[in-house]
Amino acid sequence: MTYRFKTSLKWSSLTPRMDYMNRRQVLAGVGAMALTAMVSPSVAKIAAKASAFSTDEKPNTLEEITNHNNFYEFGTSKSDPAQHAHQLTTDPWSVKIGGLVDKPGNYDLADVVKGVDMEERIYRFRCVEGWSMVVPWIGFELATLLNRVGVQSGAKYVAFETLHRPEEMPFQNSPQFPWPYVEGLRLDEAMNPLSILATGLYGEEMPKQNGAPLRLVVPWKYGFKSIKSIVGITLLSEMPPTTWNNIGPNEYGFYSNVNPDVSHPRWSQASERRLGGGIFAKRQPTLMFNGYGDEVASLYDGMDLRVNY
Ligand SMILES: Nc1nc2c(c(=O)[nH]1)N[C@H]1C(S)=C(S)[C@@H](COP(=O)(O)O)O[C@H]1N2
Ligand SMILES: [Mo]
């Protein structure tokens, strides 16, 4: 399977039909929705159900979502991933799941996604740098996978690791960055239904620049927590190290919950620039937990979010 990202695909022309199908079929409970007929056969479509967790804010365009990326493995500028990520081989792909689990193993991607409920989750996404977007992810709850491999009672954290393959990821040859990219969640954060493993967006396989073939999406946290191109998931009793915390411990904490009241040492987090608004668009206020407080605020009851930034 050679998936090439097609910029020629006009999502805009599909949207009305998609809306229609969402309302009439998906919400009516038709689970596996075959979208195949809607587009050119060379583009793999992923059948997915709508979700009550989706925002009704307008999604950013495919163009915007795939041309303004952070994926340092391919370079540090926003245009590097779109330019270089085609070099990444995503098939075959396996994910090593280990640590405090009942069924550790090196799982083929097909096994990871076998039998899961694929959903469309239209989430707000807020980068710690102060820009944001709305993305129609396709994915499944991380909890589904963790429950399947059996989390043992001593596990309190989940660690994630990105592929390390300098032959295909040119900036991994740059030694000033601590490769591979690693991230982590507390187990209760990982088990929250908002935490998903995404395999696509806009109804199609994940574009490589967005973290194909499998990436985390944690919408109430700054974007860097949503680690891309995952090859390792490890259940641990201790808090794992995380890449941006390693690089700048005073600037990036383990929790990194979106919080308009806690500034980054070098800039305010009170507002954000929504991608696609144009250069004269007003910044908009950033919401506590990126607007997902109803679902996640209780995870942090009694915690000082200034200390645990
Ligand atoms: N492996 C890896 N994952 C990563 C990053 C990265 O550089 N490498 N960047 C993070 C940051 S800072 C952000 S904002 C999001 C960007 O996701 P997007 O390019 O799909 O918008 O990916 C996150 N996941
Ligand atoms: Mo980010």
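What counts, and where the lines are drawn
Residues numbered from 1 in each chain as written. Chains lettered and ligands numbered in written order. Predicted model: local features only at pLDDT ≥ 70, side-chain atom pairs only at ≥ 80, totals over all residues. Heavy atoms only, no water. Core = buried A, V, L, I, M, F, W, Y, C linked by side-chain atoms within 4.5 Å. Buried < 20%, exposed > 50% of the residue type's maximum accessible area, 1.4 Å probe, protein only. Helix = DSSP H or I, 4+ residues; strand = E, 2+ residues; numbered from the N terminus. Contact = heavy atoms within 4.5 Å. pLDDT = per-residue confidence, 0-100. Near = heavy atom within 4 Å. Polar contact = N/O pair within 3.5 Å; in protein donor to acceptor, adjacent residues only side chain to side chain. Areas by Shrake-Rupley, 256 points an atom, 1.4 Å probe, with all protein chains shown as cover. Nonpolar A, V, L, I, M, F, W, Y, C, P; charged D, E, K, R; others polar. Pairing = 2+ DSSP bridges. Axes fitted to C-alpha atoms, helices over the stretch in contact; angles between N-to-C directions. Phe/Tyr/Trp six-rings, centres within 6.5 Å; stacked < 30°, edge-to-face > 60°. Lys NZ or Arg CZ within 6 Å of the ring centre and 35° of its normal. Salt bridge = Lys/Arg side-chain N within 4 Å of Asp/Glu carboxyl O.

What follows deals with the nonpolar core. Core analysis: the biggest nonpolar cluster contains 76 residues, and Trp 137, Phe 160, Leu 216, Trp 220 and Ile 233 have the highest contact counts within it. Top element by residues in this core is strand E4 (residues 131-141). It accounts for six residues. With near-sequence residues (within four places) excluded, Ile 233 lies in contact with Val 95, Lys 96, Ile 97, Gly 98, Leu 145, Leu 146, Val 158, Ala 159 and Phe 160.

All right, on to the confidence of the model for the protein chain then. Of the residues in the protein chain, 86% reach a pLDDT of 70 or more, and the chain-wide mean stands at 89. Counting contacts from residues 1-41, a segment whose pLDDT is below 50, to residues more than four positions away or on other chains yields 49 contacts.

Within the structure, ligand 1 sits among 18 residues, and Asn 69, Tyr 72, Glu 73, Arg 215 and Lys 228 are positioned closest to it. One nitrogen or oxygen atom from the side chain of Glu 73 is found 2.8 Å from a nitrogen atom belonging to ligand 1. Here ligand 1 has 530 Å² of accessible area as a free molecule, and 98% of this is covered by the chains. By residue class, the composition of the shell around ligand 1 is nine nonpolar, six polar and three charged.

A separate point is the sheet that holds strand E5 (residues 157-162). Across the sheet, five strands lie side by side as E2-E1-E10-E5-E6; this open sheet has mixed pairing. The outermost strands of the open sheet, each flanked by one partner alone, are strand E2 (105-108) and strand E6 (182-186). The mean angle between the axes of side-by-side strands here comes to 20°, regardless of whether they run parallel or antiparallel. Relative to strand E10 (residues 230-236), strand E1 (residues 94-99) runs parallel, the two sharing four bridges. Of the residues in E10, the one forming a bridge with Gly 99 is Leu 235. Against the sheet, helix H5 (residues 142-149) engages E1, E2, E5, E6 and E10, with an angle of about 65° to E10.

We now examine the packing of aromatic side chains. Tallied over the entire structure, the rule returns 15 aromatic pairs. An angle of 50° between the planes, with centres 5.4 Å apart, marks the rings of Tyr 72 and Phe 177 as tilted. Pair noted here: Tyr 72 is in the loop between helix H2 (62-65) and helix H3 (80-84) and Phe 177 is in the loop between E5 and E6, with a separation of 105 residues, a long-range link. As far as the burial class goes, Tyr 72 and Phe 177 line up, both buried. Between Phe 171 and Trp 179 the ring centres are 6.2 Å apart and the planes differ by 90°, which places this aromatic pair in the edge-to-face class. Chaining the aromatic ring pairs together yields one cluster made of Tyr 72, Phe 171, Phe 177, Trp 179, Phe 224, Trp 244 and Tyr 252. Across from the ring centre of Tyr 292, 4.6 Å away, lies the NZ or CZ of Arg 124, which sits over that ring. Over the face of the ring belonging to Phe 254 we find Lys 225, whose NZ or CZ atom lies 4.3 Å from the ring centre.

Overall, the coordinates contain 14 salt bridges when judged by the stated rule. In this structure, Glu 189 engages Lys 221 in a salt bridge whose closest nitrogen and oxygen atoms are separated by 2.8 Å. Separated by 32 residues along the polypeptide, Glu 189 in helix H6 (residues 187-191) and Lys 221 in the loop between strand E9 (215-217) and E10 bring together distant segments of the chain. Neither residue differs from the other here; Glu 189 and Lys 221 are each classed as buried. Here Arg 266 makes a salt bridge to Glu 251, at a shortest N to O gap of 2.7 Å. A residue pair is termed long-range when its members are at least 10 positions apart, and Arg 266 in the loop between helix H7 (243-247) and strand E11 (271-274) and Glu 251 in the loop between H7 and E11 qualify at 15 residues.

This part covers unusual backbone geometry. Of the consecutive residues Asp 91 and Pro 92, the connecting peptide bond is found in the cis state with omega at 5°. Following the sequence through the fold, Pro 92 ends up in the loop between H3 and E1. Even without glycine at this site, Phe 289 takes up a positive phi of about 50°. You can see Phe 289 is positioned in the loop between strand E12 (284-285) and helix H8 (293-296). With relative accessibility at 5%, the residue Phe 289 sits in the buried group.

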